[in-house]
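Geometric and topological summary
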Amino acid sequence: MTVRTRIAPSPTGAPHIGTAYIALFNYAFAKSHGGQFILRIEDTDHVRSTAESEKAILDSLNWIGLQWDEGPDVGGPKGPYRQSERSGLYQEHCMSLVEAGKAYPCFCSSERLKELRSQQMADKAQFMGYDGHCSGMSADDASKRMENGESYVIRLRVPQDGECVVQDRLRDEIRIPWNMVDDQILLKTDGFPTYHLANVVDDHLMEITHVIRGEEWISSTPKHALLYEAFGWDPPEFAHLPLLRNPDKSKLSKRKNPTSISYYQRAGILPEALLNFLGLMAYSLPDGREEFTLNDMVSSFDLDRISLGGPIFDIEKLKDFSGRYLRAMEPEQLYSRLKEWGLNETTWLKILPLARPRLEQLSDLVEMSAFLFSDRLAYDVSELINASESGERAVELLRIVQWEIEKTTCWQTDDVKQIFSLLSEKEDLKLKKLMPLFFVAFAGSSVSLPIFDSMVIMGKDMCLRRIQYALEALAEEGFALKGKGLKRFTSAYQAKYNKV
RNA sequence: GUCCCCAUCGUCUAGCCCGGUCAGGACACCAGCCUUUCAAGCUGGAGACACGGGUUCAAAUCCCGUUGGGGACACCA
């Protein structure tokens, strides 16, 4: 039996550093056993999935140096590798479960479910989840209602009592009482599968032998185990990796840390250093070496050496690693990496039209454009505060723009401009009044190159990071939104900006 | 709240499975050396077995409990 592992990202946002981390271990495990590593796109959430995001994920994983044997771009014998192109498969499989009585149609409205949930919350119920309202319906009744065109979902029939024993490669067996598991939706109203169904069907059909994924999945593993059993399939071996954490130990999140791989790319972290560093998270080579290549890791890889404490993603140490790799390069090599990174003709030709009207000496150019290549700017906090009505107001405006940037999927000058036009309109402030703050936040000075174009050159992730840096600088001076104030501001923002 | 997972320097970790070396390394920090400065480099320093009970001649290591942290509880993955 050849080992086959997979990474199954969902294309619903910026490529996440955690995806690369999980992918790395899947890759290392498969390759160390002479097996295959597969990339599958889990785009069953058709509302949130985008083609841009899918592309960004593939690009990022490629950038970091991970290559898959099968995937949507390279093809393979078990394709298609995009779940949206496999809908028929899930429906067939799901209906076979219904016929066998292992799943059932449910006609409950989302209103009823919402009510149920808030009731459970209010009662502080021990069990939160579906109450099995439709589970006892006769097959006749159900098919009648389906024929009548009523919308429905298909739910998995989960045992009422007893416990599910899950084998985890990295832990002892995990026992979860069945009454903690609710009748999971398998097929949504739109006919698309949920993660649980699609994942199990695909892992089986793609002959995945080892499911190496994040710890967040432990509690839904019983559903997956039950599905394998219902289909009469042998389950793969499960290994749940500890989650990457923020410095405050919570699960790594973009609110508290840059999580997008493309940010690290823009910031000039070397991909081999990032990969090396990720290999140090929850893992160590048997010989204790800290600097290693992907091949080094593969050749000595031992999944059982994973340590289970959730590692904090420490950017300082990542920078140190990047520095080691950089310093080891010959100047020629360094120069070519610099060009590859972005210090090249293409970039300069984008910058020059912006800089030209402002030039007196050629030498002006370097200072003028330095911020486009920087990571963290040396902020003068008083400038940040003075560029707005007050420190508090600066924080609010930066926050709004942060949220608005996150919402955009396109990143051309017009898209950027639109963000600020909206802000100007909603906040009833002229752009001239509004923009100084953002000049300082993005460029480090209220006098700079045209900011919308500059933002496009820097890229969305770097812009987001600059806001974070500016917010940090303001927080050091005591200007911050947190706790209840943040909550109140967030809902006010949503009411104001999210008009549908 | 309920269920589940986890627990060695501030951080990443070695050691744990198979009890017995001053608990080892790396980042960060501090000091010295080198150096026109800084960085890098080199040398040194400070810094951890969460707590309480067992088992044992002996516990970071095995067992139980407590505490702490984290995750999950969606027609998201």
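Thresholds applied
Residues numbered from 1 in each chain as written. Chains lettered and ligands numbered in written order. Predicted model: local features only at pLDDT ≥ 70, side-chain atom pairs only at ≥ 80, totals over all residues. Heavy atoms only, no water. Helix = DSSP H or I, 4+ residues; strand = E, 2+ residues; numbered from the N terminus. Buried < 20%, exposed > 50% of the residue type's maximum accessible area, 1.4 Å probe, protein only. Contact = heavy atoms within 4.5 Å. Areas by Shrake-Rupley, 256 points an atom, 1.4 Å probe, with all protein chains shown as cover. Lys, Arg positive; Asp, Glu negative; His and termini not counted. Charge placed at Lys NZ, Arg CZ, Asp CG, Glu CD. 1 Å grid on protein atoms, 1.4 Å probe; cavity = no way out; pocket = protein on both sides within 12 Å on 5 of 7 lines; lining within 4 Å. Points joined across faces, edges and corners; volume = space filled by probe spheres on them. Nonpolar A, V, L, I, M, F, W, Y, C, P; charged D, E, K, R; others polar. Axes fitted to C-alpha atoms, helices over the stretch in contact; angles between N-to-C directions. Parallel < 35°, antiparallel > 145°, perpendicular 65-115°, else oblique. Left-handed = near helix turned anticlockwise from the far one by under 90°. Near = heavy atom within 4 Å. Polar contact = N/O pair within 3.5 Å; in protein donor to acceptor, adjacent residues only side chain to side chain. Phe/Tyr/Trp six-rings, centres within 6.5 Å; stacked < 30°, edge-to-face > 60°. Lys NZ or Arg CZ within 6 Å of the ring centre and 35° of its normal. Core = buried A, V, L, I, M, F, W, Y, C linked by side-chain atoms within 4.5 Å. Disulfide = S-S within 2.5 Å. Salt bridge = Lys/Arg side-chain N within 4 Å of Asp/Glu carboxyl O. Pairing = 2+ DSSP bridges. Arc of directions from axis to C-beta.

This paragraph deals with the overall build of chain A. Secondary structure assignment for chain A yields 21 helices and 9 strands. Along the longest, intermediate and shortest principal axes, the C-alpha atoms of chain A span 80 × 55 × 40 Å. Within chain A, the fraction of its 500 residues that count as buried is 49%. Residue pairs in contact within chain A that sit at least 24 positions apart in sequence constitute 76% of those at least 6 positions apart. With the model as given, the accessible surface of chain A reaches about 24400 Å², and the carbon-plus-sulfur share is 50%. Side chains of chain A give 60 positive and 72 negative charges; the mean places of these two sets differ by 4 Å.

Gaps left between atoms show up when a probe the size of a water molecule is rolled over them. For the structure shown, the criterion picks out 1 cavity of 30 Å³ or more. Every residue lining the largest cavity is listed: F29, R169, H210, V211, I212, E237, F238, A239 and L303. Within the residue set of the lining of the largest cavity, elements represented by two or more residues are β8 (210-214) and β9 (237-241). Grouping the constituent residues of the lining of the largest cavity by class yields 6 nonpolar, 1 polar and 2 charged.

Take the layout of surface pockets next. There is about 710 Å³ of room inside the second largest pocket. Around the second largest pocket sit 35 residues that line it, and R255, K256, R465, Q468 and E472 are the ones nearest its centre. Those elements giving two or more residues to the lining of the second largest pocket turn out to be α8 (261-266), α11 (315-327), α16 (391-407) and α20 (460-476). No other element matches α20, which puts 7 residues into the lining of the second largest pocket. Taken together, the residues of the lining of the second largest pocket break down into 19 nonpolar, 4 polar and 12 charged.

At their nearest, the axes of α16 and α20 sit 10 Å apart, and the two run at 160° to each other. Accordingly, the angle class assigned to the pair α16 and α20 is roughly antiparallel. Of the two possible hands of crossing, α16 and α20 adopt the one that is left-handed. Side by side, α16 and α20 meet where A394, V395, L398, V401, Q402, I405 and E406 of the first sit next to K460, C463, L464, I467, A470, L471 and L474 of the second. Residue composition of the contact of α16 with α20, by class: 11 nonpolar, 1 polar and 2 charged.

In the vicinity of RNA strand B there are 50 residues, among which T44, K188, T189, E215 and A282 approach most closely. Considering RNA strand B, the proportion of its atoms within 4 Å of the protein that are sugar or phosphate atoms stands at 80%. C108 is positioned such that a nitrogen or oxygen atom in its backbone is 3.5 Å from a base nitrogen of RNA strand B. In the environment of RNA strand B, a sugar or linking oxygen lies 2.8 Å from a nitrogen or oxygen atom belonging to the side chain of E290. Tallied by class, residues from the surface near RNA strand B come to 20 nonpolar, 10 polar and 20 charged.

We now examine the packing of aromatic side chains. Inspection of every chain in the model, using the stated rule, returns 21 aromatic pairs. Seen from their ring centres, Y27 and F37 are 5.7 Å apart, and the 85° between their planes marks the pair as edge-to-face. Note that Y27 is positioned in helix α1 (residues 17-32) and F37 in strand β2 (residues 36-39), a separation of 10 residues in sequence. Both residues of the pair, Y27 and F37, count as buried. Counting every residue linked through ring pairs, the aromatic cluster contains Y263, Y264, F277, F313 and F321. We note R324 situated over the ring of F321; from NZ or CZ to the ring centre the distance is 4.3 Å. In this structure, K426 is placed above the aromatic ring of Y497, and the distance from its NZ or CZ to the ring centre is 6.0 Å.

Let's shift gears to the nonpolar core. F313, F420 and F438 are the most contacted members of the largest nonpolar core, which totals 113 residues. Ranked by residue count, the leading element in this core is α1, at 11 residues. Ranked by size, the runner-up nonpolar core spans 32 residues in total, among them V166, V201, M206 and W233.

All told, the structure shown has 0 disulfides when counted by the stated rule. Unpaired in this structure, C94 has its nearest cysteine sulfur neighbour in C106, at a distance of 12 Å. When its relative accessible area of 0% is taken as the criterion, C94 is described as buried. C164 takes part in no disulfide bond, and the closest cysteine sulfur, belonging to C94, lies 19 Å away.

On to the pattern of salt bridges, then. Enumeration over the complete set of coordinates arrives at 35 salt bridges. Among the ionic contacts, a cluster of salt bridges with common partners joins R6, R40, E42, R86, D202 and D203.

Overall, antiparallel pairing links the 3 strands, which are arranged β3-β4-β7 in an open sheet. With one partner strand each, in any of the chains shown, β3 (103-106) and β7 (185-187) form the two edges of the open sheet. For this sheet, the mean inter-axis angle between neighbouring strands, taken without regard to orientation, is 45°. Judged from the 2 bridges that link them, strand β4 (residues 153-156) and β7 form a sheet pairing that is antiparallel. Paired with I154 across the bridge in β7 is L187. Contacting β3, β4 and β7, helix α3 (residues 87-99) crosses the sheet at an angle of about 125° to β7.

The next point concerns helix α13 (residues 345-355). Listing the buried residues of α13 in full gives T347, I351, L354 and A355. Within α13, the buried residues cover an arc of 90° as seen down the axis, which keeps them to one side. Facing away from the buried side of α13 by more than 90 degrees, the exposed set consists of E345, T346 and L349. Lining the buried residues of α13 we find α14 (364-373) and α19 (451-458).

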